[in-house]
Amino acid sequence: MVMKIPTPGCFVNTRIIRDNFKRHMAAEAEAERKALKYIAYNMTVPVRARIQAQLKLATMPNYTRMNQPKNRCVVSGRGRAVLSDFKMSRHQFRMAAQNGELPGVKRATW
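Residues numbered from 1 in each chain as written. Predicted model: local features only at pLDDT ≥ 70, side-chain atom pairs only at ≥ 80, totals over all residues. Heavy atoms only, no water.

Taking an unreviewed UniProt entry as the reference, the protein chain is identified by name as 37S ribosomal protein MRP2, mitochondrial belonging to Lipomyces tetrasporus. You can read under Sequence similarities (unreviewed entry) in the UniProt record for the protein chain the words "Belongs to the universal ribosomal protein uS14 family." (UniProt positions renumbered as here; feature names shortened; annotations may be inferred.)

So, in structure tokens, the structure goes:
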């Protein structure tokens, strides 16, 4: 079975494709991981069920974890110095702000 993963609407390189895949898979497995974590950490559940939940969590692929995806710039794909409010790297943010492409953002004067 081939699974179709939507591609992002920006500059695409292998890092962006990999990150997009991780985001998609983490979103799919989020409910199952939360349920297993609840069972594994709940002290009122029998020990055998808790251990089974822990084993199932340990055997799940790494890319289903929510901390695997990285914040990337939607314009350039850069992984460092990304402003989370705009999802842009500092350089792309500066260029867009200078060109007036970001509403409500202007140069600071004091």
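Another point: the packing of aromatic side chains. In total, this model carries two aromatic pairs according to the counting rule given. Plain terms: the ring middles of F21 and Y63 are 5.1 Å apart, the flat faces sit at 55 degrees to each other, and that makes the pair tilted. With F21 in helix α1 (residues 14–41) and Y63 in the loop between α2 (47–59) and β1 (82–83), this pair connects stretches of sequence that are 42 residues apart. Overall, F21 belongs to the partly exposed group, its relative accessible area being 28%. (Phe/Tyr/Trp six-rings, centres within 6.5 Å; stacked < 30°, edge-to-face > 60°. Helix = DSSP H or I, 4+ residues; strand = E, 2+ residues; numbered from the N terminus. Buried < 20%, exposed > 50% of the residue type's maximum accessible area, 1.4 Å probe, protein only.)

All right, on to the side chain of D19 then. Turning to its location among the elements, D19 is positioned in helix α1. In this structure, D19 is in contact with P69, K70 and R72, ignoring residues within four places of it in sequence. (Contact = heavy atoms within 4.5 Å.)

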